[in-house]
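# Architecture at a glance
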Amino acid sequence: MALTSEKQRGVASRLSLRSGLTRLWRWITWTWSPASEREASTAIVENLWLHWFPAKIAAESFAWSYSLWLGAISAFLFLILTVTGVLLMFFYIPSTEQAYWSIKDIDYVVGFGWLLRNQHRWAAHLMVLVVFLHMLRVFFTGAYRAPRAANWLVGLVLLLMTLLLSFTGYLLPWDQLAFWAVTVGTNIAKEAPIVGEGLRFVLLGGTEIGQSALVRFYVLHVIVLPGAVLVLFAYHMWRVRRDGGMAVTDAAAASLGVPSETPPVPTKTYSLFGVTAGTSLETRAARPQSDEAGTFSSPHLSRRLMLVFLAVFAVSIVLSLISGAPLEEPANPILTPNPAKAPWYFLWLQELVAIATVRVGALTISGGLIGGIVVPGILVLAAAAWPFLDRSPLSAVGKWFPPERRLQNTVMCIIAIVILVLVLIGLLMRGPYWQLFWPWQAWPEMPRRL
């Protein structure tokens, strides 16, 4: 009798454990695999990371071919940068005497430190590229038109901040590559009329790149700029929902006409998002989606987000294994490499400066103002003003390369191709004294002693 009771307690214990593990597994995975429509709705509301999405989204917004998920890829790259950057901060010392050697320790002493640094570097490069492609996608599909003009401006600021984030991180290894790339970059900024000298002085904390510059770049890189990007990213996501979601649904929403007032449903909690009773962010959006036309965000959106994250993580790891972050000799202010190049994303500016520089006999007129300030300034101002100047029909919004926007898209294509070509020329074809060489052509041997 006692033996039977012992067996029953064992069976009950195993069943309880199995039930507990099953509930734990469901609690972890229900966002990705809800069992009912009610669970699909509550999974979005109760998930910390997914709660900014509506419970239902138009099926067109899920399409891989429309957004290419470039916004999500940018966000996941920022997440990887944040995690790897925080881990690197435990070992990095922002001092001109120790910064280079702490990077050496990360590469050769810290367990998997080399992998952390490589992944951080590749994620930074990829984020610059992906954010730029994301802006191009928004332009080519006309998704910057009202009511999304404000979000386009936020995206423009985020692009500039991404460039600054990468640029400020460039100096931290404190090797020859970092020192002279930042020297070139800050010299371009110095060409700005009136404020150029002051801007460079504030950025460097002096007239030369030294301890003050390293500390300022470090603080900007690990605190100020990531915090600003995080706040703007949150606002950017809120605006996406506030402005009616993805622009791909605008044509279908416009065909429905002006939405009529929908009376509150007693079974719904409209105050979840802090809006007055009877309304929600969805009903106040410019292009509200009807409940019948939407697809549940969970699991369709949540699964794709997980897939995109895994793909981004895998690509960054593979690239980190294939190619490591460079580390040249320690920074030496009196030994200038020939050629000294800016970071790759600023090489098109360096090329513009070289093209705009005029030499008349022994007189040289610097092209820094035209190539480094005027041309990029005009491009940024034109991009900021374009949503308010564009007069193409609204029926072209949310479509890739519509005929009505052929001229605008062609001009943008030409600008993007010119920037790409200038970057490739600076990266692959510029040699000593900024002369042009074919990528396979050997550079002349430079004198070792002056």
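This text gives an overview of the structure that appears in the document. Everything numeric here is computed off the predicted structure, so don't read it as measured data.

Side-chain pairs of opposite charge can arise whenever the charged atoms involved come near each other. Evaluated as defined, the whole model comprises 5 salt bridges. Between Arg239 and Asp243 there is a salt bridge, with its nearest N and O atoms 2.9 Å apart. For the pair shown, Arg239 and Asp243 are each scored as buried. The salt bridge involving Asp390 is made with Arg405; its shortest N-O contact spans 3.4 Å. Placement of the pair is Asp390 in the loop between helix 15 (368-389) and helix 16 (406-429) and Arg405 in the loop between helix 15 and helix 16, with a sequence separation of 15 residues. Classification of Arg405 as buried rests on a relative accessible area of 1%. Taken together, the shared-partner salt bridges in this structure form one network comprising Arg145, Asp390 and Arg405.

We now examine helix 8 (residues 176-190). The end-to-end C-alpha separation of helix 8 is 21 Å, in line with the 21 Å expected for 15 residues at 1.5 Å each. Counting buried residues in helix 8 gives 11 out of 15 residues, a clear majority hidden from the surface. Regarding helix 8, the residues found buried are Gln176, Ala178, Phe179, Trp180, Ala181, Val182, Thr183, Val184, Gly185, Thr186 and Ile188. Tucked into the core, helix 8 has its buried residues touching helix 7 (149-170), helix 9 (196-204), helix 10 (211-242), helix 14 (347-356) and helix 15.

What follows covers the nonpolar core. Of all hydrophobic cores here, the largest spans 48 residues; its most connected members are Phe53, Leu77, Trp152, Leu301 and Leu305. It is helix 6 (residues 113-140) that provides the largest number of residues to this core, a total of 11 residues. Contacts of Leu77, omitting those with residues within four sequence positions, involve Ala123, Leu126, Met127, Val130 and Val312. Residues Leu163, Trp174, Leu204 and Phe346 belong to the second largest nonpolar core, which totals 37 residues.

As for its position among the elements, Asn409 is in helix 16. Those residues in contact with Asn409 that lie beyond four places of it in its chain are Phe139, Phe140, Phe401 and Pro402.

Before going further, it helps to spend a moment on a nonpolar patch on the surface. A cluster of nonpolar side chains, Leu79, Val83, Val86, Leu87, Met89, Phe90 and Phe91, forms an exposed patch at the surface whose accessible area comes to about 630 Å². Relative to the elements of secondary structure, Leu87 occurs in helix 4 (residues 70-89). For Leu87, a relative accessible area of 35% translates into the label partly exposed.

Tallied over the full model, the rule gives 20 aromatic pairs. Seen in terms of ring centroids, Phe140 and Phe401 are 4.9 Å apart; in terms of plane orientation they differ by 35°. Their pairing is tilted. Of this pair, Phe140 sits in helix 6 while Phe401 sits in the loop between helix 15 and helix 16, placing them 261 residues apart in sequence. Judged by relative accessible area, Phe401 falls into the partly exposed class, the value being 44%. Measuring from ring centre to ring centre gives 5.9 Å for Phe167 and Phe217, while their planes differ by 55°; the resulting arrangement is tilted. Of this pair, Phe167 sits in helix 7 while Phe217 sits in helix 10; the two residues are 50 residues apart in sequence, bridging distant segments of the chain. Among the residues examined, Phe167 registers a relative accessible area of 6% and is labelled buried. Here the aromatic residues Phe139, Phe140, Tyr144, Trp152, Trp400 and Phe401 are joined through ring pairs into a cluster of three or more.

Mapped onto the elements of the fold, Asp107 is located in helix 5 (residues 99-108). Residue Asp107 is classed as buried on the basis of its relative accessible area of 14%. Those residues in contact with Asp107 that sit more than four places away from it in its chain are Trp114, Arg117 and Leu327.

Let's shift gears to the packing of helix 6 against helix 13 (residues 297-322). For the pair helix 6 and helix 13, the least separation of the axes is 8 Å and the interaxial angle reads 120°. Relative to helix 13, the element helix 6 lies oblique. Relative to helix 13, helix 6 is oriented so that their crossing is right-handed. Where helix 6 approaches helix 13, its residues Trp114, Leu115, Asn118, Gln119, Trp122 and Leu126 are matched on the opposing element by Phe313, Val315, Ser316, Ile317, Leu319, Ser320 and Leu321. Looking at the contact of helix 6 with helix 13 residue by residue, the classes come out as 9 nonpolar, 4 polar and no charged.

This part takes up the packing of helix 7 against helix 15. Contact geometry of helix 7 with helix 15 gives a least axis separation of 9 Å together with a crossing angle of 165°. On the basis of their axis angle, the class for helix 7 and helix 15 is roughly antiparallel. Crossing angle aside, the handedness with which helix 7 passes helix 15 is right-handed. Within the contact between the two elements, helix 7 uses Ala149, Trp152, Leu153, Leu156 and Leu160 and helix 15 uses Val380, Ala383, Ala384, Pro387 and Phe388. When its residues are assigned to classes, the contact of helix 7 with helix 15 shows 10 nonpolar, no polar and no charged.

Rules used in this analysis
In this numbering scheme, every chain counts its residues from 1 along its sequence in written order. A pLDDT threshold of at least 70 governs which residues receive local features in this predicted model, and a stricter bar of 80 or more applies before side-chain atom pairs are shown or counted, although totals over entire chains, interfaces and linings include all residues. Side-chain figures throughout are based on the complete set of non-hydrogen atoms in the structure, without hydrogens or water. A side-chain nitrogen of Lys or Arg and a carboxyl oxygen of Asp or Glu constitute a salt bridge if their distance falls within 4 Å. Exposed residues in this analysis have more than 50% of their type's maximum accessible area, buried residues have under 20%, and partly exposed residues fall in between, with area computed by a 1.4 Å probe over protein chains only. Only DSSP runs of H or I covering at least 4 residues are called helices, and only runs of E covering at least 2 are called strands; the numbering of each starts at the N terminus. Take the residue count of a helix, subtract one, and multiply by 1.5 Å to get its expected span. Residue contacts are defined here by distance: any two heavy atoms, one from each residue, within 4.5 Å place the two residues in contact. What makes a nonpolar core is a set of buried Ala, Val, Leu, Ile, Met, Phe, Trp, Tyr and Cys residues whose side-chain atoms join them at distances within 4.5 Å. Like charges within 9 Å and nonpolar side chains (Val, Leu, Ile, Met, Phe, Trp, Tyr) within 5 Å are joined into patches, using only residues over 30% in relative accessible area that form no salt bridge. All accessible-area figures derive from a Shrake-Rupley calculation using a 1.4 Å probe, and residue coverage is judged against the displayed protein chains alone. Classification of ring pairs rests on two measures: the distance between centres of Phe, Tyr or Trp rings, Trp counted by its six-membered ring, which must be within 6.5 Å, and the angle between planes, read as stacked under 30 degrees, edge-to-face over 60 and tilted in between. Fitting a line to C-alpha atoms yields each axis, with helices limited to the stretch in contact; the angle taken between N-to-C directions then spans 0 to 180 degrees. Should an angle fall under 35 degrees it is taken as roughly parallel, and over 145 as roughly antiparallel, whereas 65 to 115 is taken as roughly perpendicular and any remaining angle as oblique. A crossing counts as left-handed when the near helix is turned anticlockwise from the far one by less than a right angle, and as right-handed when that turn is clockwise. Each residue is assigned to one class: nonpolar for Ala, Val, Leu, Ile, Met, Phe, Trp, Tyr, Cys and Pro, charged for Asp, Glu, Lys and Arg, and polar for all the others, Gly among them.

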